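For reference, the chains in residue letters:
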Amino acid sequence: MDAPDVVNGGKRFLRMTVEEAWMKYQEQATPEYKLSSSYFAKLRPVDVKKLGETPIRSCLCGKCANVELEGKAISGAGVEGVDVRIEPLLKRMLCPTRNRYQNSRCLRNALDPKTKRIKGVDVPIHQAARCRCGPEKVLQFLLETNPDLMDKRDDIIKFRHWENIEKTTRKGKVVTVEDQVWKEMRLEELIDFWLESAWKLAYHNFLARWEHRQFQEIRKNLRWGHLLKVVDFAQNFLHKYQDEVQSSHWEHSQTTVFPCVNYFRCPNSRCSRNVMWEQLFLSPCKDHDHSVVSSFVNVGMRALRDHNIDIVHTSNFSDNMGSQFKSKGPFMTCSESDIPTRLFYTGEDHGKTVADGSSGRFKMAAERARKSRQGVFTACATLFQHA
């Protein structure tokens, strides 16, 4: 039987229903080991969850997701010893280190000294050699673990991959979106492609950790009068009803949710602690552009001044979405402000957990009120009143 999928925390999730697993067991078990379906269900371990309890993984990093999909495809082709998860793969590929970051020598090896870009990997299976650091290290391990790998190198493997493709909307506009597509490669080509993606991921993983570390350092060492701000657009709130008629099921209004998390030193001179103030903006306007961001941020700054919080410098953390935070509009707003402002962009698609947590807690509270019939949110105004 196929092993259940393992996720963080040690939980495993079945890839079939318990009844399907029992029927498969009955086909393979000898007569003296056959079990009833009810007794078979009781033998399910506590850490193995049912198929219906499998969570939906969303908002993942595209580069990391592609490496996982490629590794699963290679593992599904019968190649043993493939590290599907990112951390074990990088640990096997790079030199050991005692701190939380990768070895600087490994990162220099992953960068082309002329173009300062990630080097490509062009090492066929039959030319793999031992080395101290790099994708060849993983390739040599696969060759040692799978003596018959050379015989399988011409097998055609079909796998899924996230790529940017062009789609035409109903209005005839051509847009570029990231979607899953099916690809076919020889096993040898797929392994080279997987190792090249993983080798690029080493520097990508370092940048993601470095960005998170810089945010933590700025937050811990805030000076008096300095404001640290984390902003982002959350997923729009969908106005559903607990007891909903059929016609309303196909038409729901939406509310824009914009979390803004502020960090600053306590205004009390006797206190040296940092204060976190979460601001959440709700609007019926569904335009997510820099003008809406500027309006929300200005209202938040006025609220801080109304509470006698002096601000002499601000540091804004956001993603690198051009139409919202990284265009001439936000830069013009900063130039017109009387407060010096620094803009930081998390460009490695690993999220901003502080802003996501703020909007997530609000949505969960609203969802509980809706399910328990304690609140009916027909529009943005009723949602604001409940909050």
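Up top is the structure these notes are about.
All values reported here derive from a predicted model rather than from experimental measurement. Residue numbers here run from 1 along each chain, matching the order of that chain's written sequence. This being a predicted model, a pLDDT of at least 70 is required before a residue's local features are given, and a value of 80 or more before pairs of side-chain atoms are given or counted; all residues contribute to the totals for chains, interfaces and linings. The side-chain figures draw on all heavy atoms in the structure; neither hydrogens nor water molecules are used.

S.K.: Which residues make up the side chain of Glu-68, and what values do they have?
M.R.: Relative to the elements of secondary structure, Glu-68 occurs in helix α3 (residues 62-76). Of the residues examined, Glu-68 reaches a relative accessible area of 16% and is grouped as buried. Residues are treated as being in contact if the distance between any of their heavy atoms lies within 4.5 Å. What Glu-68 contacts, discounting residues up to four positions off in sequence, is Arg-57, Val-84 and Ile-86. By definition, any uninterrupted DSSP run of H or I lasting at least four residues is a helix, any uninterrupted run of E lasting at least two residues is a strand, and each is numbered from the N terminus. Burial classes follow relative accessibility: with a 1.4 Å probe on protein chains only, a residue under 20% of its type's maximum area counts as buried, one over 50% as exposed, and anything between as partly exposed.

S.K.: Give a description of the pairing of strand β4 (residues 156-168) that names residues and reports values.
M.R.: Examined bridge by bridge, β4 and strand β5 (residues 174-186) share 13 bridges and lie antiparallel to one another. Each bridged residue has a counterpart across the sheet, and for Arg-160 the counterpart in β5 is Trp-182. Strand pairing follows a simple DSSP-based rule, namely that at least 2 bridges must link the two strands. The antiparallel hairpin formed by β4 and β5 contains five residues in its connecting segment, where Gly-172 sits at a positive phi of about 90°.

S.K.: Before we move on, can you summarise the pattern of salt bridges with the specific residues and values?
M.R.: We define a salt bridge as a side-chain nitrogen of Lys or Arg found within 4 Å of a carboxyl oxygen belonging to Asp or Glu. Scanning all chains against the criterion turns up 15 salt bridges. A salt bridge links Glu-87 to Arg-209; its shortest N-O distance comes to 2.9 Å. Of the two residues, Glu-87 is situated in helix α4 (residues 86-93) and Arg-209 in helix α8 (residues 187-220); the sequence distance between them amounts to 122 residues. In this structure Glu-87 comes out as partly exposed when scored by relative accessible area, which is 40%. Residue classification places Arg-209 among the partly exposed residues on the basis of a relative accessible area of 29%. Put simply, Glu-189 and Arg-186 hold a salt bridge, and the shortest N to O gap is 3.3 Å. Taking relative accessible area as the criterion, Arg-186 reaches 25% and is therefore assigned partly exposed.

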